[in-house]
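What follows is the residue order along each chain.
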Amino acid sequence: MKITVIGSGYVGTTTAIVLASMHHQVISADVDRGKVEKLRRGVLPFVESGLDKLLCEMHGSGQLEFTSNIEAAIRDGQVIIITVGTPSLPDGRADLRYLQTVADTIAGSINEYKVIAVKSTVPVGTNRWLSEYLAEKIGTAELFDVVSNPEFLREGSALYDTLHPERTVLGGNSSRAMAILQEIYKPLDSGFILTDWETAELIKYASNAFLATKISFINEVARTADQVGADVTTVARGMGMDTRIGSQFLKAGIGYGGSCFPKDVKALIHTAKELGIDPKILEAVEAVNRTQTEYYLNKLTDVLLANAKKPWTIAVLGLTFKPDTDDQRESPAIRMVEQLLEHCIEIRILDPTIQMPTQTPWPDEPKIAVCSTIEETLSAADAAILCTEWEQFGKINWKETVPIMRHPILLDGRNYYEPEHMKAAGIHYIAVGRRS
Ligand SMILES: NC(=O)c1ccc[n+]([C@@H]2O[C@H](COP(=O)([O-])OP(=O)(O)OC[C@H]3O[C@@H](n4cnc5c(N)ncnc54)[C@H](O)[C@@H]3O)[C@@H](O)[C@H]2O)c1
């Protein structure tokens, strides 16, 4: 099958490489020429374990091509998979401008029947709109079928998730188009949910909103645990052993981030409000997440005010929204740094995916320093904040850091360490919802 994937970001590149490895003839198309050039050279433009190796394998295979000629790519594909971004607008709505551009390009280039699969996360009603919009612009609905095909991969395990999806959701009104996509995805051996556009779209938003809800729920419980001296990690373990609840996404911390949860919760709130529904739960999920960094930063600043003279030097361990990715979008670590800047003389960042300030949101901020070793980061620091649980931070010998830090204070924003180990190491340890 000749497949064109439009948008070579995290989702599009992963999809394109995996489909090529399944012996399809794949074109991955993106307007970002720099990205296309890198991919042509066999270089992945983002960090994703295992995907770089598969890209190299596919590189000379003739199965996979990268281009910035979107029109030609559309003409070549029998199936067009759309994976462009759908970021948040200031009012929380999903910004569909990239999808609109792709729709216009398809309308101007379509030459024969194509299945158009929308993998981008789009609000309820978008696939129906796309279908009607294309029919009007092209002058016929005979040349295409639109299928909602939401993506569920997680950054950090994108390759595994794409090869082993827990479900494949296809929503649409054409059994012909759904059958073609089922045939393509059949080797992945996942269960299919075949449904209509609106249901498919809502499955994606409801899934992400539910996972975000679990995180904000346990984060709110953590605040209570703090007050009563309970241990939220044991609370979560006790809850998670109940199979009706499940143990995943019950890790208390400084909040969720990334390119999906924040924007998808906001977009679902917006959709509900437009429909006259009062999305009480979702608004609370958002509010807990928004204030979680501040809540724990206040705990840290209370300790700092009692121990260290301002302005402070703070070490920030991890800037990405989670480990094993270079994605900083909506990272709680960034909120932490923003809130700290006015109190600090220097903020030192250590993250395995960051080598220079231009890779941070503060390329010209003189107070921001990017470090490359733990010693350099912690040397004479007034406190450290663990924002991302990168594996290498699990290997830090905290006892050895005590003499090099000005004040051996650590806010563990991911409950990555054990309070008794930290106490034994001589660290003034602040965790999220754990006695410390
Ligand atoms: N990243 C994830 O973990 C993830 C998981 C599931 C679903 N999603 C959803 O998938 C979609 C894509 O997410 P992403 O993280 O891959 O985004 P991304 O920002 O990494 O990639 C989007 C790409 O689309 C390209 N693009 C924009 N307009 C274009 C056009 N007109 N023609 C061709 N290319 C164009 C951009 O240059 C960019 O490279 C979003 O809707 C997101 O919500 C993302």
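What you see is a predicted model; the values in this text were computed from it and never measured. (Residues numbered from 1 in each chain as written. Predicted model: local features only at pLDDT ≥ 70, side-chain atom pairs only at ≥ 80, totals over all residues. Heavy atoms only, no water.)

Chemist: I'm lost on the overall build of the protein chain in this one. Help?
Modeler: A tally of helices and strands in the protein chain yields 16 helices and 14 strands. Considered along the principal axes of its C-alpha atoms, the protein chain spans approximately 70 × 45 × 35 Å. Split into buried and exposed, the 436 residues of the protein chain put 54% on the buried side. The long-range fraction of contacts in the protein chain, counting pairs at least 24 apart against all pairs at least 6 apart in sequence, stands at 71%. Looking at the protein chain as shown, the accessible area adds up to about 19400 Å², and 53% of this sits on carbon and sulfur atoms. (Helix = DSSP H or I, 4+ residues; strand = E, 2+ residues; numbered from the N terminus. Buried < 20%, exposed > 50% of the residue type's maximum accessible area, 1.4 Å probe, protein only. Contact = heavy atoms within 4.5 Å. Areas by Shrake-Rupley, 256 points an atom, 1.4 Å probe, with all protein chains shown as cover.)

Chemist: Explain the sheet that holds strand E14 (residues 428-430) here, please?
Modeler: Consider a sheet: its strands pair through backbone hydrogen bonds, and that pairing is either parallel or antiparallel. With parallel pairing, the 6 strands of this open sheet are ordered in space as E11-E10-E9-E12-E13-E14. Unpaired on one side and paired on the other, strand E11 (368-370) and E14 mark the two borders of the sheet. Neighbouring strand axes in the sheet, compared pairwise and without regard to direction, differ in orientation by 20° on average. In this sheet, strand E12 (residues 383-386) lies alongside strand E9 (residues 312-317) in parallel orientation, the contact comprising 4 bridges. When the bridges of E12 are listed, Ala315 appears paired with Ala384. Packing of helix H12 (residues 280-307) onto the sheet brings it into contact with E9, E12, strand E13 (409-412) and E14, and relative to E13 it is tilted by some 175°. (Pairing = 2+ DSSP bridges. Axes fitted to C-alpha atoms, helices over the stretch in contact; angles between N-to-C directions.)

Chemist: Honestly, the domain arrangement of the protein chain in this entry has me stumped. Any pointers?
Modeler: Accessible area lost on assembly of the parts is the figure often given for the size of an interface. Taken domain by domain, the protein chain consists of domain 1 (2-195) and domain 2 (196-436). Between domain 1 and domain 2, the C-alpha centre-to-centre distance is 32 Å. Between domain 1 and domain 2, the contact holds 36 residues from the first and 26 residues from the second. Taking both partners together, domain 1 and domain 2 bury about 2600 Å²; carbon and sulfur atoms supply 57% of that area. Summed over the three residues of domain 1 that lose the most area to domain 2, namely Thr121, Val124 and Glu155, the buried surface amounts to 23% of that side. Taken together, the connections running from domain 1 to domain 2 amount to 2 salt bridges. With its nearest N and O atoms 2.6 Å apart, the salt bridge here joins Arg128 to Glu198. (Domains from an automatic or database assignment. Buried area = accessible area lost by both parts, 1.4 Å probe. Salt bridge = Lys/Arg side-chain N within 4 Å of Asp/Glu carboxyl O.)

Chemist: Before we go on, may I ask you to explain the nonpolar core in this structure?
Modeler: Soluble globular proteins: nonpolar side chains tend toward being buried together. Core analysis: the largest hydrophobic core is formed by 39 residues, its most contacted members being Leu300, Ile314, Ile347 and Ile385. Not counting residues up to four positions away in its chain, the partners in contact with Leu300 are Ala383, Ile385, Ile409, Leu411 and Ile430. If you look at the next biggest cluster of nonpolar residues, it comprises 34 residues, including Ile3, Leu19, Leu170 and Ile184. (Core = buried A, V, L, I, M, F, W, Y, C linked by side-chain atoms within 4.5 Å.)

Chemist: Would you take a moment to explain the sheet that holds strand E7 (residues 167-172) for this structure?
Modeler: Across the sheet, 8 strands lie side by side as E3-E2-E1-E4-E5-E6-E7-E8; this open sheet has mixed pairing. Sheet topology places strand E3 (64-67) and strand E8 (191-195) at the edges, where each strand pairs with a single neighbour. On average, each strand axis in the sheet is tilted by 25° relative to the strand beside it, whichever way the strands run. Pairing analysis gives 5 bridges linking strand E5 (residues 114-118) to strand E6 (residues 144-148), with the strands arranged parallel.

Chemist: What is the right way to read the pattern of salt bridges from this model?
Modeler: Between side chains of opposite charge, a pair can form as their charged atoms come close. Taken as a whole and assessed by the stated rule, the structure comprises 25 salt bridges. Two residues, Lys395 and Glu391, come together in a salt bridge whose shortest N-O distance is 3.9 Å. In this pair, the class of Lys395 matches that of Glu391, namely exposed.

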